[in-house]
Amino acid sequence: MTMPKGLKLVERDAGGVDPAFRADVLIGLAQPQKAVPARWFYDDAGSALFEAITRLPEYYLTRAETAILERSAGKMAALIGPGRAVVEFGSGSSLKTPLLLASIAPAAYVPIDISGDFLRASAAALAAKFPGLPVHPVEADFMRRVELPGEVAGLPKLGFFPGSTIGNFVPATATDLLRTMRAALGEGALLLIGVDLVKDRRALLCAYDDAEGVTAAFNRNLLSRINRELEGDIPVDRFAHQARWNDAYARIEMHLAAQEDLAFSVSGKRFAMRRGETIHTENSHKFTRRSAGLLLAAGGWEPRACWYDPARRFAVLLAEACPPRSAP
Ligand code: AVJ
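Predicted model only: the values in this text are computed from it and were never measured. (Residues numbered from 1 in each chain as written. Predicted model: local features only at pLDDT ≥ 70, side-chain atom pairs only at ≥ 80, totals over all residues. Heavy atoms only, no water.)

Q: Looking at this structure, how should I read the site of the ligand?
A: Close contacts around the ligand come from 13 residues, with Y59, G163, Y208, E282 and S284 the closest. Taking Y208, its side chain carries an N or O atom lying 2.5 Å from an oxygen atom of the ligand. Note that an oxygen atom of the ligand is positioned 2.8 Å from one of the side-chain N or O atoms of S284. Classifying every residue of the shell around the ligand by side-chain character gives eight nonpolar, four polar and one charged. (Near = heavy atom within 4 Å. Polar contact = N/O pair within 3.5 Å; in protein donor to acceptor, adjacent residues only side chain to side chain. Nonpolar A, V, L, I, M, F, W, Y, C, P; charged D, E, K, R; others polar.)

Below you can see the structure in the form of structure tokens.
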């Protein structure tokens, strides 16, 4: 088992806080529509709450995508071929990765995650499950350009971006991210990407507003994290979780709505909110096969194949890095 300590590319200030978190929160809270980027959900508590979400009856995404990887593994493997370095963006601690690794005979596995503890735990679990597979974890924010470990430099790559995480980004940012991935993965790379599909809006709203309130806790944890890490005094329990369907952009939005006029400070800066005013915390875009294909193409990836779960709630697409643009 090859299991190096891993590359660490996440910055920390004197208090152990990523300075990009402070900057994003202070800028986001100063906007007319307050907003904090969704990637800051995933501290250790947030990552654990997300794991709980994936087990909720309402949250079909994880089960649907796992079913696709189970039932279509053979066809995927035939198109992907053996000997690639699998580079997973935002590895978390999923069950999907072993399904993929077991079917394609990869040459190495490179999980990239911003949450160091989850990264190390899942990398160690995978290395134990696949003795002989070199595992090279990278603790990094994949939104910035990630330098891959030297050990996989000569190998063809398969990017793996499951979970419909691409849906968290507005189209301009999603396109940038796909281009960044293409640049990091190199010529001849493939990308296996999961996207949640447009469907009945009630089913979508329930998936983001579950009966047990786990998604509400996940949403509110962002405020607790701000209080913990950025010297905040936000009255967390005065905020209500909201899930909304934005039809123009085909996306679920999560917000935290102030239940009364209130004020708080973060990092020594004062903020005030009126009753009903919200902090926008997440977009989760939903796709059709065509809209996903168009986004991939805009990001420099040519869609090659698409698989669905039996209920057609979710899709996994395989795309190939476009050669540098020639025609038309
Ligand atoms: C991990 C980004 C795919 O958008 O469905 C789950 C996160 N947010 N419930 C999603 C999430 C609320 C999730 N992704």
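Here the narrative resumes, following the displayed structure.
Q: In this structure, what is going on with the sheet that holds strand 8 (residues 239-246)? I would like to understand it.
A: Two pairing modes exist for strands in a sheet, parallel and antiparallel, and in both the strands are linked by backbone hydrogen bonds. Strand order in the open sheet formed by four strands is 2-12-9-8, with mixed pairing between adjacent strands. Strands with a single pairing partner mark the edges of an open sheet, and in this sheet they are strand 2 (34-35) and strand 8. Sheet analysis places strand 8 next to strand 9 (residues 251-258), joined by eight bridges and oriented antiparallel. The partner of H241 across the bridge, within strand 9, is L256. The strands touched by helix 9 (residues 214-229) within the sheet are strand 8, strand 9 and strand 12 (278-285), with strand 8 carrying the most contacts at an inclination of about 115°. (Pairing = 2+ DSSP bridges. Helix = DSSP H or I, 4+ residues; strand = E, 2+ residues; numbered from the N terminus. Contact = heavy atoms within 4.5 Å. Axes fitted to C-alpha atoms, helices over the stretch in contact; angles between N-to-C directions.)

Q: I keep staring at unusual backbone geometry and nothing clicks. Help me out?
A: Working note: non-glycine residues mostly have negative phi, and peptide bonds are mostly trans. Positive phi, close to 50°, is recorded for E231, a residue that is not glycine. Note that E231 resides in the loop between helix 9 and strand 8. With phi around 50°, S267 is a residue other than glycine that occupies positive phi space. Positionally, S267 belongs in the loop between strand 10 (262-266) and strand 11 (269-273).

Q: What should I look at first to understand the side chain of D43 in this one?
A: Structurally, D43 can be placed in the loop between strand 2 and helix 2 (44-54). Within the structure, D43 has its side chain in polar contact with the side chain of R228 (distance 2.7 Å). Sequence-distant contacts of D43, that is, excluding residues within four places in its chain, are made with N221, R225, R228 and E229.

Q: Would you take a moment to explain the environment of L191 for this structure?
A: Within the secondary structure layout, L191 lies in strand 7 (residues 190-196). Sequence separation of L191 and V86 is 105 residues, and the distance between their C-alpha atoms is 9.4 Å. If we skip the residues at most four places from it in the chain, L191 touches L158, G159, F160, F161, L178, M181, L296, W301, L317, L318 and A319.

Q: Can you walk me through helix 1 (residues 19-29) in this structure?
A: Three or four residues apart is the spacing at which side chains of an α-helix point the same way, because the helix has 3.6 residues per turn. Buried residues of helix 1: A20, F21, V25, G28 and L29, and no others. Seen from one end, helix 1 has its buried residues packed into an arc of 145°, which puts them on one side. Elements in contact with the buried residues of helix 1: strand 2, helix 9, strand 10, strand 11 and strand 12. For helix 1, the capping residue at the N-terminal end is D18, with a side-chain oxygen 2.9 Å from the backbone nitrogen of A20. (Buried < 20%, exposed > 50% of the residue type's maximum accessible area, 1.4 Å probe, protein only. Arc of directions from axis to C-beta.)

Q: Even after reading the chapter, I still don't get a positive patch on the surface, so can you show me in this structure?
A: Together, R71, K75, R289 and R312 make up a region of like positive charge exposed at the surface. Note that R71 resides in helix 3 (residues 61-71). (Patch = residues over 30% accessible without salt bridge, like charges linked within 9 Å, V, L, I, M, F, W, Y side chains within 5 Å. Areas by Shrake-Rupley, 256 points an atom, 1.4 Å probe, with all protein chains shown as cover. Salt bridge = Lys/Arg side-chain N within 4 Å of Asp/Glu carboxyl O. Lys, Arg positive; Asp, Glu negative; His and termini not counted. Charge placed at Lys NZ, Arg CZ, Asp CG, Glu CD.)

Q: Sorry if this is basic, but what is going on with the environment of M273 here?
A: By the secondary structure assignment, M273 is in strand 11. When the C-alpha atoms of M273 and L29 are compared, they prove to be 9.9 Å apart, with 244 residues separating the residues in sequence.

Q: Help me understand the packing of aromatic side chains in this model?
A: Aromatic ring pairs are reported here in terms of the distance separating the ring centres and the angle at which the planes meet. Evaluation of the coordinates by the stated rule reveals twelve aromatic pairs. Between the aromatic rings of F89 and F142, the centroid separation amounts to 6.1 Å while the plane-to-plane angle is 80°, which identifies the pairing as edge-to-face. Here the residue F89 occupies a position in strand 3 (residues 85-89), and F142 occupies one in the loop between strand 5 (138-139) and strand 6 (157-161), the gap between them amounting to 53 residues. Put simply, the rings of F41, Y42, F50, Y59, Y208 and F218 pair up and form one aromatic cluster. The cationic tip of R225 hangs over the ring face of F21; the distance from NZ or CZ to the ring centre is 4.5 Å. A cation over a ring is seen here: R312 above Y308, with NZ or CZ 3.9 Å from the ring centre. (Phe/Tyr/Trp six-rings, centres within 6.5 Å; stacked < 30°, edge-to-face > 60°. Lys NZ or Arg CZ within 6 Å of the ring centre and 35° of its normal.)

Q: Honestly, the state of the cysteines in this entry has me stumped. Any pointers?
A: Here a disulfide denotes one covalent bond, and it connects the sulfur atoms of two cysteines. Taken as a whole and assessed by the stated rule, the structure comprises zero disulfides. Here C322 stays unpaired: no disulfide links it, and the sulfur of C306, its closest cysteine neighbor, is 17 Å away. (Disulfide = S-S within 2.5 Å.)

Q: Explain the pattern of salt bridges to me, please; I cannot follow it from the model alone.
A: Side-chain pairing between opposite charges can occur once the charged atoms of the two side chains come close. As enumerated under the stated definition, the model contains 20 salt bridges in all. Two residues, R228 and D43, come together in a salt bridge whose shortest N-O distance is 2.7 Å. Separated by 185 residues along the polypeptide, R228 in helix 9 and D43 in the loop between strand 2 and helix 2 bring together distant segments of the chain. Looking at D43, the relative accessible area reads 9%, which means it is buried. Across the pair K199 and D196 runs a salt bridge whose closest N-O atoms are separated by 3.0 Å. Accessibility classification places K199 together with D196 in one group, the buried group.

Q: What is the right way to read the nonpolar core from this model?
A: Proteins that are soluble and globular tend to have nonpolar side chains buried together. In this structure, L158, L192, F239, F264 and V266 are the most contacted members of the largest nonpolar core, which totals 65 residues. For this core, the element with the highest residue contribution is helix 9, accounting for five residues. Core analysis: the next-biggest nonpolar cluster, separate from the first, contains 36 residues, L148, M181, L197 and A292 among them. (Core = buried A, V, L, I, M, F, W, Y, C linked by side-chain atoms within 4.5 Å.)

Without other data, these values stay purely geometric and don't point to any function.
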